[in-house]
Amino acid sequence: MAIYHLSMKPISRASGRSAVAASAYRAGQCLTNERDGLTHDFTRRDGVEHSEIVIPRGSGAEWALDRSALWNAAELAEKRIDARVAREFEIALPHELTAEQRLELCREFAQELADRYGAAVDFAIHAPQRASDIRNHHVHLMMTTRKATADGLGDKTDIERENKWLSARDMPSSQMQLRDIRQSWEQIANEHLARAGLEIRIDHRSHQERGLEIEPSEHMGVHATQMERRGRAVSRAKLDSETARRNAELIREKPEQVLSVITGEKSVFDRRDVARALHRAIDGAEAFQSAFVKVMASPAIVELQAERQGPDGRVLEAARYSTREMVEIERGMVQSAARMGEALEHGVAKSHVEASLSARAFLSDEQREAVRHIAGAERIAAVVGLAGAGKSTMLSAAREAWEREGYHVFGAALSGKAADGLEASSGIASRTLASWENGWSAGRGELGKGDVLVIDEAGMVSSRQLASFIGAAERAGAKIVLVGDPEQLQPIQAGAAFRAVAEHVGYASLETVRRQEQEWQRQASQEFARHRTQDGLAAYAEALRVKCGKV
C-alpha cells in the first residue's frame, strides 16, 4: 500500500555540508565546488533513475538548468559561515506507479514548488538499493533558498524568511508553509494515483490528527533499511513488535479503528481490503486471525452485497461492505442535494443569460443549454462532460451571467493545478478544496447567500469531502455547481459522490470533444475517456498515426 512520507531538512554550512556536494551525490554526478575547490565525484553510484532541474515558468533562468552553475551560484550567494545554502525534501514515492508515472509525479511537484517560491528545484529519483526494500522508491528535491531569475539568484524565498518578517506582511509562517507543501504533495500524488486507475491514496495527516489510535508503522529510509538487512535493527524490530502487540489489543477493543483507515481510501470494500489493513497494523497469524474475526463481526459494518457463487461453488463476486458512518454520510449528502435542488432561490434573469451567450457566438448548442441549466434558480446544478468538451468555455459564459445578476462566483478543485486551470480558462477566482477548508477552520472565507461555488473535476472528490461542501453551501444559502466526468476518473478517496448527486438532481451533458479539429480525433478522445482504449487506438491506427517499435 502507498504510504505518506515527506521530510524536510536544511543543507547548511553549520553542519559541514555544501549544496554542490549534496547535489552531486543525489544526481550521481561529478561536480566541483568553486568556493573551496573540492571535487565531489559520485558517477559510480547506482540507483539514480532520473535527475532533472526545473525553474519557475517565465523566469528566464535557463542558466540554472546547469547543475554545476546552479549550486555554485547558491554557494557563492551566501557569505555567512553558517548559512543555509539549500532546502531538501525527501519523499516516498508510490511503488504502485510505474517508473514513468513516478517521474511525471515528481516533475509536476517540483514545478509546483518552483512556481510557488520562484526557486530552482533539482530532483533525483532513487530506485531501491539491492539490499533494501524493493518498494522503497523515493525522490530527493533540493530547492534554492533564493529566487532564480534571469540575472542569477535574487531575494530569499518566502519559506526562508523569519516568521517576524512574514507576520508583518500577513503571510503564513514557515511552519504553515511546510504544512501547505505536505498537503500539496498529498493532493498531487493522489491525483496521479487516480489517473493511474488506482483506488489507494495517501494522507498527509498523522494518525493522531485523523483521530486514530492505531500506531502507524514507521517509514524506513534508505539507511535504516540497509542496517536492517545487515542485522543491525534489533531496537527497530523490538519497536515494531511492541507496536503490533498494542495495535492487536486496540483492534480487539475498537475494531472500528481499522474500518476508519479503510474508508479513508474507499467507501465500499471487501474482505481482502480488511486483511490488507490489518497486515499493516499487526503481526503474527494468531493475532491477525483474531483481529480479522473481530473486525468482520463489528456492528459498524454494513453488507451491501452478498457473496455471489456459481453452480460449482466458485466465488464469482466477493461480498461488498461499507460502514454505517459512510452510508449515513452519502445518504445525508444526497438528501441535502435534493433539498437544494428544490430551493429555487438562485435564478438569473433570462436577459443576462442571453446577453452572455450572444457575446460568444462560437458556443455550441449543448454548451448553450449547459449555461442555461446551471444558471437556473436551483441551488445545486451539475454538468457532466468529457475532457475537451468545452466545460471551461461554458463556465466563462455562466460566470458572466451570474455576475450580471450580482452574484459572487468562486471556484474550487482538488489540486492546485486544476484550480489554476479553472481560473485561467473561465475567469473564476479559484483555489483548492483544502484551502477553502483551512479558511473555514480559521473563520475566514465562509460562503454567503449571494455566492456561487463551482467545483471542477468533481468526479475526483471523495464522498466525505463533497458532503462537507454541499452541507456548507446549504447552510449558507449559497449555490453549488459540480462539474466533472464520472466516467473518466474515479474519486481519489472514497465513494462515487459526484455520480450519485448528478444522477439525483439531474445534469447538463457535454459529449462533443472540441480540442481536436478532425472528427476521427474527437471520436477517439471519447473512446479513451470512456475507457474503450482499444477502440481509441484503432481510430489512430486507421489514420496511420500509430507507430510501433521495440523498447
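As shown above, the structure is provided for reference.
In this text the structure is predicted, and so the values were computed from the model without any measurement.

**Observations regarding unusual backbone geometry**
Outside of glycine, negative phi angles account for most residues, and trans bonds account for most peptide bonds. Here Asp170, not a glycine, exhibits a phi torsion of approximately 55 degrees, which is positive. Within the fold, Asp170 resides in the loop between helix H4 (163-168) and helix H5 (174-195). In this structure, Glu457 is a non-glycine residue whose phi angle is positive, near 50 degrees. Within the secondary structure layout, Glu457 lies in the loop between strand E17 (451-455) and helix H17 (463-476).

**Looking at the pattern of salt bridges**
Two side chains bearing opposite charge may form a pair once their charged atoms approach each other closely. According to the stated counting rule, one finds 29 salt bridges in the structure shown. Close ionic contact of Asp270 with Arg320 constitutes a salt bridge, the shortest N to O distance being 3.6 Å. One end of the pair, Asp270, is in the loop between helix H8 (256-263) and helix H9 (271-281); the other, Arg320, is in strand E13 (residues 320-323), with 50 residues separating them in the sequence.

**Some remarks on the sheet that holds strand E1 (residues 6-12)**
One key point about sheets: their strands pair by backbone hydrogen bonds, in either a parallel or an antiparallel sense. Ordered by their spatial adjacency, five strands build an open sheet running E1-E5-E7-E6-E4, and the pairing between neighbours is antiparallel. The open sheet is flanked by E1 and strand E4 (48-54), the only strands paired with a single partner. When the angles between neighbouring strand axes are averaged without regard to direction, this sheet yields 15 degrees. Note that E4 and strand E6 (residues 121-126) share six bridges and pair antiparallel.

**Quick word on the packing of H8 against H9**
Relative to each other, H8 and H9 sit at 110 degrees, their axes nearing to 10 Å. Comparing their axes, H9 and H8 come out roughly perpendicular. Where H8 abuts H9, its residues Val258, Val261 and Ile262 lie against Asp273, Val274, Ala277, Leu278 and Arg280. Residue composition of the contact of H8 with H9, by class: six nonpolar, no polar and two charged.

**Here we look at the sheet that holds strand E18 (residues 479-484)**
Taken together, six strands build an open sheet; the order of strands is E16-E15-E17-E18-E14-E19 and the sheet is parallel. Each edge of the open sheet is held by one strand with a lone partner, namely strand E16 (429-432) and strand E19 (508-510). Adjacent strand axes in the sheet meet at a mean angle of 20 degrees when their direction is disregarded. Two strands pair when backbone bridges link them, and strand E15 (residues 408-413) and E17 are joined in this way by five bridges, in the parallel orientation.

**Quick word on the packing of aromatic side chains**
Inspection of every chain in the model, using the stated rule, returns seven aromatic pairs. Consider the rings of Tyr25 and Phe42, whose centres lie 5.1 Å apart with planes at 85 degrees: the pair is edge-to-face. Pair noted here: Tyr25 is in helix H1 (residues 19-27) and Phe42 is in the loop between strand E3 (39-41) and E4, with a separation of 17 residues, a long-range link. Overall, Phe42 belongs to the partly exposed group, its relative accessible area being 27%. Arranged with centres 4.9 Å apart and planes meeting at 45 degrees, the rings of Trp440 and Phe469 form a pair that is tilted. Here Trp440, found in helix H16 (residues 433-441), pairs with Phe469, found in helix H17; they are 29 residues apart in sequence, far enough to count as distant. Assessed through its relative accessible area of 18%, Trp440 is described here as buried.

Parameters and conventions
- Residues numbered from 1 in each chain as written.
- Predicted model: local features only at pLDDT ≥ 70, side-chain atom pairs only at ≥ 80, totals over all residues.
- Heavy atoms only, no water.
- Helix = DSSP H or I, 4+ residues; strand = E, 2+ residues; numbered from the N terminus.
- Salt bridge = Lys/Arg side-chain N within 4 Å of Asp/Glu carboxyl O.
- Pairing = 2+ DSSP bridges.
- Axes fitted to C-alpha atoms, helices over the stretch in contact; angles between N-to-C directions.
- Parallel < 35°, antiparallel > 145°, perpendicular 65-115°, else oblique.
- Contact = heavy atoms within 4.5 Å.
- Nonpolar A, V, L, I, M, F, W, Y, C, P; charged D, E, K, R; others polar.
- Phe/Tyr/Trp six-rings, centres within 6.5 Å; stacked < 30°, edge-to-face > 60°.
- Buried < 20%, exposed > 50% of the residue type's maximum accessible area, 1.4 Å probe, protein only.

That is the geometry; function is a separate question.
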